[in-house]
Amino acid sequence: MEVIIRPNADAAANLTANVIADAIRAKPSLVLGLATGRTMERLYKRLAEIHQEDKLSFAQVRTFNLDEYIGLPPEDKHSYRHYMNQHLFNKVDIDPANTHLPNGVAEDIDQECAHYEQRITECGGIDLQILGIGNTGHIGFNEPLSAMYSRTRAKALTPQTIEQNASQFDNPEEMPRRAITMGVGTILDAKRCILLATGKTKAQIIAKAVEGPVTSMISATALQLHPKATVIIDQPASANLQQIEYYQWLFQNEPEWEPYR
Ligand code: F6R
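**Student:** Can you walk me through the overall build of the protein chain in this structure?
**Tutor:** The helix and strand inventory of the protein chain stands at eight helices and 10 strands. On C-alpha atoms alone, the protein chain measures out to a radius of gyration of 17 Å, which is about the 18 Å that the 2.2 N^0.38 rule sets for 261 residues. Its C-alpha atoms give the protein chain principal-axis dimensions of roughly 50 × 40 × 35 Å. In the protein chain, buried positions account for 57% of the 261 residues. Expressed as a percentage of contacts within the protein chain between residues at least 6 apart in sequence, the contacts between residues at least 24 apart total 79%. Computing the positive centroid from 25 side-chain charges and the negative centroid from 32, the protein chain places the two 3 Å apart.

**Student:** Even after reading the chapter, I still don't get the packing of aromatic side chains, so can you show me in this structure?
**Tutor:** Aromatic ring pairs are defined here through the distance separating the ring centres and the angle between the ring planes. One pass over the structure, following the stated rule, counts 10 aromatic pairs. Taking 5.8 Å as the distance between ring centres and 35 degrees as the angle between the ring planes, the aromatic pair formed by tyrosine 69 and phenylalanine 141 counts as tilted. Here tyrosine 69 is found in strand 4 (residues 67-69), whereas its partner phenylalanine 141 is found in the loop between strand 6 (128-131) and strand 7 (153-156), with 72 residues between them in sequence. Overall, tyrosine 69 belongs to the buried group, its relative accessible area being 2%. According to the relative accessible area criterion, phenylalanine 141 is buried, its value standing at 3%. Relative to tyrosine 247, the ring of tyrosine 246 lies with its centre 6.0 Å away and its plane at 50 degrees, an arrangement referred to as tilted.

**Student:** Sorry if this is basic, but what is going on with the sheet that holds strand 10 (residues 229-234) here?
**Tutor:** As a general point, the strands of a sheet are linked pairwise by backbone hydrogen bonds and lie either parallel or antiparallel. Spatially, the seven strands line up as an open sheet ordered 1-10-9-6-2-3-5, and their pairing is parallel. Because the sheet does not close on itself, it has two edges, and the strands there are strand 1 (2-6) and strand 5 (99-100). Two elements, strand 2 (residues 31-34) and strand 3 (residues 62-65), share four bridges in a ladder whose sense is parallel. Looking across to strand 3, one finds that glycine 33 is bridged to phenylalanine 64.

**Student:** How should I be thinking about helix 2 (residues 38-54) in this particular structure?
**Tutor:** Every α-helical turn comprises 3.6 residues, leaving residues that sit three or four positions apart pointing alike. In a regular helix each residue adds 1.5 Å, so 17 residues correspond to 24 Å; helix 2 covers 25 Å between its end C-alpha atoms and thus fits that length. The set of residues buried in helix 2 consists of Thr39, Met40, Leu43, Tyr44, Arg46, Leu47, Ala48, Ile50 and His51. In this fold, the buried residues of helix 2 make contact with helix 1 (9-26), strand 2, helix 3 (80-87), strand 6 and strand 9 (192-197). The positive-phi residue at the C-terminal boundary of helix 2 is lysine 55, with phi of around 60 degrees.

**Student:** Would you take a moment to explain the site of the ligand for this structure?
**Tutor:** Taken together, 14 residues lie near the ligand, and Thr36, Thr39, Asp67, His138 and Lys202 sit nearest. Here an oxygen atom of the ligand sits 2.9 Å away from a polar atom, N or O, in the main chain of arginine 38. Between glycine 140 and the ligand, the recorded distance is 2.8 Å, taken from a backbone N or O atom to an oxygen atom. In the complex, the protein chains occlude 96% of the 410 Å² of accessible area that the ligand would expose alone. Among the detected pockets, the ligand sits in the largest pocket. Residue composition of the shell around the ligand, by class: three nonpolar, eight polar and three charged.

**Student:** What is the right way to read the environment of proline 7 from this model?
**Tutor:** In this fold, proline 7 is placed in the loop between strand 1 and helix 1. Along the sequence, proline 7 and aspartate 234 sit 227 residues apart, while their C-alpha atoms lie 5.5 Å from each other. Beyond its immediate chain neighbours, meaning those up to four positions away, proline 7 contacts Gln235 and Pro236.

**Student:** Got a minute to help me understand the nonpolar core in this structure?
**Tutor:** Side chains of a nonpolar character, in soluble globular proteins, are inclined to be buried together. Counting residues in hydrophobic clusters, the biggest one holds 77 residues, and the most contacted among them are Tyr44, Leu195, Ile206 and Ile233. A per-element tally of this core places helix 1 first, with eight residues. Dropping the residues within four chain positions of it, tyrosine 44 is found in contact with Leu34, Ala35, Tyr83, Met84, His87 and Leu88. In this structure, Ile70, Ile109, Cys113 and Ile180 belong to the second largest nonpolar core, which totals five residues.

What counts and what doesn't
- Residues numbered from 1 in each chain as written.
- Predicted model: local features only at pLDDT ≥ 70, side-chain atom pairs only at ≥ 80, totals over all residues.
- Heavy atoms only, no water.
- Helix = DSSP H or I, 4+ residues; strand = E, 2+ residues; numbered from the N terminus.
- Rg over C-alpha atoms; globule rule 2.2 N^0.38 Å.
- Buried < 20%, exposed > 50% of the residue type's maximum accessible area, 1.4 Å probe, protein only.
- Contact = heavy atoms within 4.5 Å.
- Lys, Arg positive; Asp, Glu negative; His and termini not counted.
- Charge placed at Lys NZ, Arg CZ, Asp CG, Glu CD.
- Phe/Tyr/Trp six-rings, centres within 6.5 Å; stacked < 30°, edge-to-face > 60°.
- Pairing = 2+ DSSP bridges.
- Expected span 1.5 Å × (residues − 1).
- Near = heavy atom within 4 Å.
- Polar contact = N/O pair within 3.5 Å; in protein donor to acceptor, adjacent residues only side chain to side chain.
- Areas by Shrake-Rupley, 256 points an atom, 1.4 Å probe, with all protein chains shown as cover.
- 1 Å grid on protein atoms, 1.4 Å probe; cavity = no way out; pocket = protein on both sides within 12 Å on 5 of 7 lines; lining within 4 Å.
- Sits in = over half its atoms within 2 Å of the grid points.
- Nonpolar A, V, L, I, M, F, W, Y, C, P; charged D, E, K, R; others polar.
- Core = buried A, V, L, I, M, F, W, Y, C linked by side-chain atoms within 4.5 Å.

Structure (structure tokens):
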């Protein structure tokens, strides 16, 4: 795992967008894993700008989102499908047929989860998976005690996650209590993972995820087991880390980051 600290949330999102853009330029048919949430809004805004300004084409890109609420149809304004259309898909030249989210209103949820895994495999696996982190340490909706080998499945949300996300609903009571999420094992199968986190409310969980022991109580610690995982954070989110000086040195000196400095 490597940690990159940028001065503020815009700089962290811009760096993540630039890495994604370069991955698409290197492989126009990139299989891109995507996340939703407040943190990602800056990232998608920047990707849409790069599409406009630098003519980055998403025409062949294939996407797989991490999760979807169970019980919300795609047209529901609180669904993650709606979020993705609004923040990214409608703003770039992606083919809607190439965008995948679990179907939260599938009749047979287990079958839908198995199909989702199958579709990822048919596309050759995820090349680059973008992740956020919740206050429980979840990646996707892999709440505490999610197995490290877990695959796409239905997961009950914790009270903390419900509290974190309920404010997005007109009536907080309407927030679904369950979601379909890629498993920790599904995420670890991606060829590269980037976790983006910003703001001081994420400082505590980032320190646990990055420098704490690997535990299924904090799913994000699984990324410590991944051969190519990068955590991109802003300064406020880095506040509780012990090795800040080393992480800062990495970005300034490692050849891989030279084009992004
Ligand atoms: C949602 C997802 C979640 C969020 C996390 C952070 O698709 O994958 O793990 O990334 O809950 O959400 P925000 O950015 O709203 O703090």
